[in-house]
Amino acid sequence: MLDDTPTKDLLRTRAYREIKDMILREHAPAGTFLSKRTLARQLEMSPTPVHSALERLEAEGFVRISPQQGIIVREFSIQEIADFFEFRLAIEAFVIRSLSGNLASEQVKKLRSNLKAQADRAKADDVDGFTQEDAAFHHLICSFHGNQQIVSAMADLRDKLYRVARSVSTKVTDRPLSAYKEHKTIADALIHGDADAAVQHLTEHIAFGKRVLIS
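Nothing here was measured: the structure is a model prediction, and the numbers come from that model.

Draft legend 1. Quick look at the pairing of strand β2 (residues 63-66). Inspection of the sheet shows β2 paired to strand β3 (residues 70-73) by four bridges, in the antiparallel sense. Bridging across to β3, Arg64 finds its partner in Ile72. Count of turn residues in the β2/β3 antiparallel hairpin: three residues.

Draft legend 2. How the structure looks around the packing of aromatic side chains. Considering all chains together, one arrives at two aromatic pairs under this definition. Ring plane angle 55° and centroid distance 6.4 Å describe the contact between Phe62 and Phe76, whose orientation is recorded as tilted. Placement of Phe62 in the loop between α3 (47-59) and β2 and of Phe76 in the loop between β3 and α4 (78-99) is noted, with a sequence separation of 14 residues between them. With respect to burial, Phe62 and Phe76 carry one shared label: buried. Consider the rings of Phe84 and Phe85, whose centres lie 5.6 Å apart with planes at 75°: the pair is edge-to-face. By relative accessible area, Phe84 is classed as buried at 9%. Judged by its relative accessible area of 4%, Phe85 falls in the buried class. The ring of Tyr16 has Arg56 lying over it, and the distance from NZ or CZ to the ring centre is 3.5 Å. A cation sits over an aromatic face here: Arg163 above Phe76, 4.7 Å from the ring centre.

Draft legend 3. Expanded view of the pairing of β3. Direction of pairing for strand β1 (residues 33-34) relative to β3: antiparallel, over a ladder of two bridges. By the bridge assignment for β3, Leu34 is matched with Ile71.

Definitions and cut-offs
Residues numbered from 1 in each chain as written. Predicted model: local features only at pLDDT ≥ 70, side-chain atom pairs only at ≥ 80, totals over all residues. Heavy atoms only, no water. Pairing = 2+ DSSP bridges. Helix = DSSP H or I, 4+ residues; strand = E, 2+ residues; numbered from the N terminus. Phe/Tyr/Trp six-rings, centres within 6.5 Å; stacked < 30°, edge-to-face > 60°. Buried < 20%, exposed > 50% of the residue type's maximum accessible area, 1.4 Å probe, protein only. Lys NZ or Arg CZ within 6 Å of the ring centre and 35° of its normal.

Right under this line is the structure:
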């Protein structure tokens, strides 16, 4: 008898990615009730991999599964949002101070490339595309540090960062363009070795997002 485990794993992975994408892009916004049967029908698969995907998303904090209420897309609490921004600021400020004025030419090139992509997405009013580049910007800077614990922590936060950044972008008019300009200011100070200015710009950038979501 052939082992169909690889096929099951592929289906679980596809279900997880597609359901998470629905949540991140707000096709299933916070408060939405999800049905395993409906999702299975939409994804053209059995309910089993969908169930596994939803359990994984619950563990990551994106959905809540309750015998009484069913499956609902979670909205981050005010405390979770505050904790998220404070954690980011602590890590990214440390990384920026460590890297300031010490980026290799290839790292500067990658940073400039990301900024160009941000500008292009912002000008095209592509919120999803810009948000991907926004999350990539912060992850890229942390990856330059080389500390694998920091890289791993930021990788774990990347989807939550995307969701939070997208939420800010949809609540504030022209936010992608202003966020791009803030990122460029942070990057310029980092490249030129002005750690204090870079951290100050980062602090203001993160505080803005926190203020928008908590208010």
